[in-house]
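As a plain string of letters, each chain reads:
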Amino acid sequence: MSESTEARLSVFKTYKLYVGGKFPRSESGRVYEVNDAKGNWLANAPLSSRKDARDAVVAARKAFGGWAGATAYLRGQILYRVAEMLEGRREQFVREVQDAEGLSKAKAAAVVDAAIDRWVWYAGWTDKIAQVAGGGNPVAGPFFNLSSPEPTGVVTIVAPQDSSFLGLVSVLAPVIATGNTAVVVAAEDRPLPALSLAEVLATSDVPGGVVNILSGRTAEIAAPLAAHQDVNAIDLAGADEQLAKELEVAAADNLKRVLRPQPVDWSADPGTSRLTAFLETKTVWHPTGSLGSGGSSY
Amino acid sequence: MPPVPKSDKPAKGEKKARAKAGEQTERAGKAPAAREATASFADVTSSDATLRRFLHGLPGVDTVGLEARAAALGTRSIKTTAKAYAIDLAISMIDLTTLEGADTAGKVRALGAKAVNPDPTDRTTPKTAAVCVYPDMVATAKEAVAGSGVKVASVATAFPAGRAALGVKLADTKDAVAAGADEIDMVIDRGAFLAGHYMKVYEEIRAVKEACGDARLKVIFETGELSTYDNIRRASWIGMIAGADFIKTSTGKVGVNATPANTLLMLEAVRDFRAQTGVQVGVKPAGGIRSTKDAIKFLVLVNETAGPDWLDNHWFRFGASSLLNDLLMQRQKLATGRYSGPDYVTVD
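- Within an unreviewed UniProt entry, the label attached to chain B reads Deoxyribose-phosphate aldolase, and the organism entered is Streptomyces indicus.
- Within the UniProt record for chain B, the comment given under Sequence similarities (unreviewed entry) is "Belongs to the DeoC/FbaB aldolase family. DeoC type 2 subfamily."
- Its UniProt record gives chain B a comment under Pathway (unreviewed entry), which states: "Carbohydrate degradation; 2-deoxy-D-ribose 1-phosphate degradation; D-glyceraldehyde 3-phosphate and acetaldehyde from 2-deoxy-alpha-D-ribose 1-phosphate: step 2/2."

- In the annotation of an unreviewed UniProt entry, the entry for chain A reads Aldehyde dehydrogenase family protein, and the organism field reads Streptomyces indicus.

Structure follows, in C-alpha cells:
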C-alpha cells in the first residue's frame with residue numbers, strides 16, 4: 001500500500017435505520033456492536049426501541065394508500081429499478097454478505113446475484129399475480145362475478161436470521177410487489193446488508209415509507225409490532241419457535257394475518273406462495289340483467 | 001397611570017395577593033370583577049393616545065429568551081401516571097372544532113356525539129370541554145350535546161377574516177348567543193391593529209362583549225398575522241382590558257397557528273394581568289396542535305408559567321380536531337399496552 005493511502009483517516013460508515021424514506025438514528029439513541037462471522041467487530045448498528053417500531057408503522061400506514069393505489073405496472077418498474085441499483089452496488093453487497101455470513105467471496109457473489117435475480121423475478125410478478133390469484137367466477141345467477149386480489153396493508157416482516165441478504169430479499173420483495181407496505185425487523189446479528197439495502201431503496205423511486213427497516217433485538221422490536229393494532233399482517237420467517245409462538249399470540253388480538261416460520265431453502269425457486277400470503281380477495285358481483293328463456297339479454 | 005405590568009416572574013410578596021385574587025375570581029363572581037378590571041384601566045382607555053402610550057410602554061419581548069424558554073419547557077419528559085393525567089386533562093380541555101364551508105348538520109351532530117363520548121369503547125374517557133362551530137350550526141350543536149355539560153362555542157364577528165362592519169359583527173354575535181352558544185370566539189380587526197388604531201380594536205371587543213351577554217368571550221388575535229411578539233403582547237393586553245374571558249392565538253386558517261412561544265407569551269400576559277388586577281383570564285391555543293406530545297408540552301407551559309390555577313378547562317383550552325384522536329390512541333395504549341391505530345377511533 002502506498003504512503004498516501006496510509007495517511008488517510010479511516011471513514012467509518014454510520015449505519016442508520018430507514019423509516020419513512022429517511023435515515024434516522026434510533027429514537028433511544030442506542031447502538032449495538034455487529035461482528036462478522038469470526039467475531040471481529042464490523043460496525044455499530046442502531047438498537048431500535050418500540051418507539052422506532054411505532055414510528056415505522058405510522059410511516060408505513062401513510063405510504064400504503066399511494067403504493068397500493070399505484071398501477072401494478074409502475075410497481076414492477078420500480079422494483080426492477082431496485083434490481084438495477086443493486087447491480088450497481090454489487091461489490092458492496094458481496095463484501096457485506098461475505099462478512100456477515102462467513103462465505104467465500106465467490107459464494108457471497110453467487111448469493112448476491114441470486115438476490116438481484118429474485119428482485120427481477122418478483123418485479124415481473126406485479127402485473128401478473130392478479131390473473132393467477134383472481135379472475136372471473138362461474139356463478140349460478142345472472143351475475144358477472146369477479147375476484148381480484150388486494151394488498152393486505154401494513155406487513156411486519158421478521159427477516160430470516162441466517163440468510164441476511166437473499167433471505168431478506170425473498171421475504172421483502174413479494175410483500176411490496178403486491179402493494180403492501182413493510183416494516184422489516186432485520187436479522188439481529190447480521191443487520192448490515194439490510195441497512196445497506198435501505199440506501200438502494202431510497203435511490204430507486206420506492207416511495208418513502210413503503211419499506212421501513214429496523215435493526216436491533218428481534219424479540220424487543222417484534223413484540224410491539226405483533227401487538228400493534230394498525231399492523232395487518234406479520235411474517236415470522238426469522239422468529240425461533242418460542243418467539244414465533246409469543247408473537248402469534250400477540251397478533252391474535254386484532255386478527256392479524258400470520259405467516260408461520262418454515263424451513264426454506266432460499267436459493268430454490270420460491271413459487272408464488274409468499275405473494276399470495278399477503279393478499280385479500282375482493283369479489284365483485286355485477287348484475288348482467290335478466291336472462292329470459294331466450295338466453296342473455298344482450 | 002396604572003402600574004406597568006412586569007414581564008418577568010412575579011415577586012414573592014405577590015403570591016398571597018394572587019391567592020386572594022383567585023378567590024375573588026371564583027366562577028360566579030367573575031363578571032363584576034372583569035368589569036372592575038376594565039374600569040380600573042379607564043384612564044388608559046380614555047383616548048387613542050393614552051391607549052397607544054400604555055401599549056407601547058409595555059416591556060419589549062425578548063424574542064430569543066422567549067423561544068429558548070418555550071423550547072426548554074418542551075423537553076420535559078412526562079411519563080406513566082403523569083402522562084395519563086395529562087392526557088385526560090388535555091381531552092377535557094379540547095374545544096372540538098369543525099369550521100369548514102362543507103359542514104353539514106350531520107357532521108356537527110357526529111362531532112357533538114364524539115365530544116360527549118370521545119371513546120365509545122372506554123366510558124371512563126372524559127368529555128371534551130366544548131364543540132366549536134359556525135353560528136348557523138349552534139342550534140344543531142346545542143341539541144347534539146344537550147344535557148351532557150359539554151359547552152357550545154361559536155365563532156362570530158365575520159370569522160375568520162373579521163372584515164365586516166361592526167353592525168354585522170354584532171348581529172353575527174347576537175345571532176349565535178340567541179341560538180344558545182355558551183361561548184363566543186371573536187376575531188379582532190387585524191387591519192386596524194396593524195395600522196395602529198388600537199382604540200378601534202378595543203371598542204370593538206367591548207361592543208362584542210356587551211352583545212355576548214352571559215356567554216364567555218374568547219378573543220382571537222390571529223398571532224400569525226401580527227408579525228411580532230411585541231404585537232402579540234399588546235393585543236393580549238387590549239383584549240384583557242376590554243373584558244375578554246379568554247385570549248386565543250389563532251383561527252387555524254392561516255399558515256402559522258399556535259406555537260409554544262406565542263402561547264407562552266400570552267400565558268405570561270394573563271399571569272401578569274391577574275397579579276395586577278385580580279382578574280383571571282383564560283388562554284386558548286388553536287390550530288396546528290396535532291399530537292399528544294405537543295399537547296403535553298402546552299400543559300407544561302401552563303403549569304410553569306401561569307400556574308396550576310389554569311390547569312382546568314375553565315381557564316385553558318385547546319382549539320383542535322385531529323388532536324383528540326391522537327390523545328385517544330395514546331390513552332388506549334396506556335390502558336392496553338398495545339399501540340392503537342386510526343381504525344380504532346372515529347373519523348371526523
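1. Here's the deal with the overall build of chain A
Thinking step 1. The helix and strand inventory of chain A stands at 11 helices and 10 strands.
Thinking step 2. Its C-alpha atoms give chain A a radius of gyration of 21 Å, within 12% of the compact-globule value 19 Å for 298 residues.
Thinking step 3. Dimensions of chain A, computed from the C-alpha atoms along their principal axes, are close to 95 × 40 × 30 Å.
Thinking step 4. Counting every position in chain A, which comprises 298 residues, the buried fraction comes to 45%.
Thinking step 5. By sequence separation, contacts in chain A at least 24 residues apart represent 75% of the contacts at least 6 residues apart.

2. Brief notes about the overall build of chain B
Thinking step 1. Counting secondary structure elements, chain B contains 14 helices and eight strands.
Thinking step 2. For 348 residues, the compact-globule estimate of 2.2 N^0.38 gives 20 Å, and chain B sits close to it at 19 Å.
Thinking step 3. A principal-axis box enclosing the C-alpha atoms of chain B has dimensions of 60 × 45 × 35 Å.
Thinking step 4. Classification of the 348 residues of chain B by burial places 50% in the buried group.
Thinking step 5. Across chain B, the fraction of contacts at a sequence separation of at least 24, relative to all contacts at a separation of at least 6, is 75%.

3. Remarks on the interface of chain B and chain A
Thinking step 1. On the chain A side, the residues contacting the seven residues of chain B number seven residues.
Thinking step 2. Per-class residue counts for the side of chain B that touches chain A are three nonpolar, two polar and two charged.

4. Focus: the nonpolar core
Thinking step 1. Core analysis: the biggest nonpolar cluster contains 99 residues, and Ala90, Ile94, Val131, Val219 and Ile247 of chain B have the highest contact counts within it.
Thinking step 2. When residues in this core are grouped by element, the largest group, eight residues, is from helix 12 (residues 260-277) of chain B.
Thinking step 3. When sequence neighbours within four positions are dropped, the list of residues in contact with Ile94 of chain B reads Thr128, Ala129, Phe318, Ala320, Leu323 and Leu324 of chain B.
Thinking step 4. Membership of the second largest hydrophobic core comes to 85 residues, among which are Leu17, Leu79, Ala186 and Trp266 of chain A.

5. Observations regarding the UniProt feature "domain: Aldehyde dehydrogenase" (unreviewed entry) in chain A
Thinking step 1. The residues that UniProt annotates with the feature "domain: Aldehyde dehydrogenase" (unreviewed entry) are residues 26-258 of chain A.
Thinking step 2. Secondary structure across residues 26-258 of chain A comprises 51% helix and 18% strand; the distance between its end C-alpha atoms is 27 Å.

6. Details of the packing of helix 4 (residues 90-101) of chain A against helix 5 (residues 105-125) of chain A
Residues and elements named next belong to chain A.
Thinking step 1. One can describe the packing of helix 4 onto helix 5 by two numbers: an axis separation of 8 Å at closest approach and a directional angle of 120°. In this view, helix 4 runs oblique relative to helix 5, as classed from their interaxial angle. The chirality of how helix 4 crosses helix 5 is right-handed. On helix 5, the residues that touch Arg90, Phe93, Val94, Val97 and Gln98 of helix 4 are Lys105, Ala108, Ala109, Val111 and Val112.
Thinking step 2. Of the residues contributing to the contact of helix 4 with helix 5, the split by class is seven nonpolar, one polar and two charged.

7. As for the sheet that holds strand 9 (residues 257-259) of chain A
Paired through backbone hydrogen bonds, the strands of a sheet run either parallel or antiparallel to each other.
Residue and element names in this part refer to chain A.
Thinking step 1. Spatial strand order, 7-6-5-8-9: five strands in an open sheet with parallel pairing. If you trace the sheet from one side to the other, it starts and ends with strand 7 (211-214) and strand 9, each paired once. Neighbour-to-neighbour, the strand axes of the sheet open up by a mean angle of 15°, direction not taken into account.
Thinking step 2. Relative to strand 8 (residues 233-235), strand 5 (residues 154-158) runs parallel, the two sharing three bridges. By the bridge assignment for strand 8, Val155 is matched with Ala233.
Thinking step 3. In the packing of helix 2 (residues 50-69) onto the sheet, contacts are made with strand 5, strand 6 (181-185) and strand 7, and the angle to strand 6 comes to roughly 155°.

Rules behind the numbers
Residues numbered from 1 in each chain as written. Chains lettered and ligands numbered in written order. Predicted model: local features only at pLDDT ≥ 70, side-chain atom pairs only at ≥ 80, totals over all residues. UniProt positions renumbered as here; feature names shortened; annotations may be inferred. Helix = DSSP H or I, 4+ residues; strand = E, 2+ residues; numbered from the N terminus. Rg over C-alpha atoms; globule rule 2.2 N^0.38 Å. Buried ≥ 20, exposed ≤ 12 C-beta atoms within 10 Å, placed from the backbone. Contact = placed C-beta atoms within 7 Å. Nonpolar A, V, L, I, M, F, W, Y, C, P; charged D, E, K, R; others polar. Core = buried A, V, L, I, M, F, W, Y, C linked by C-beta atoms within 7 Å. Axes fitted to C-alpha atoms, helices over the stretch in contact; angles between N-to-C directions. Parallel < 35°, antiparallel > 145°, perpendicular 65-115°, else oblique. Left-handed = near helix turned anticlockwise from the far one by under 90°. Pairing = 2+ DSSP bridges.

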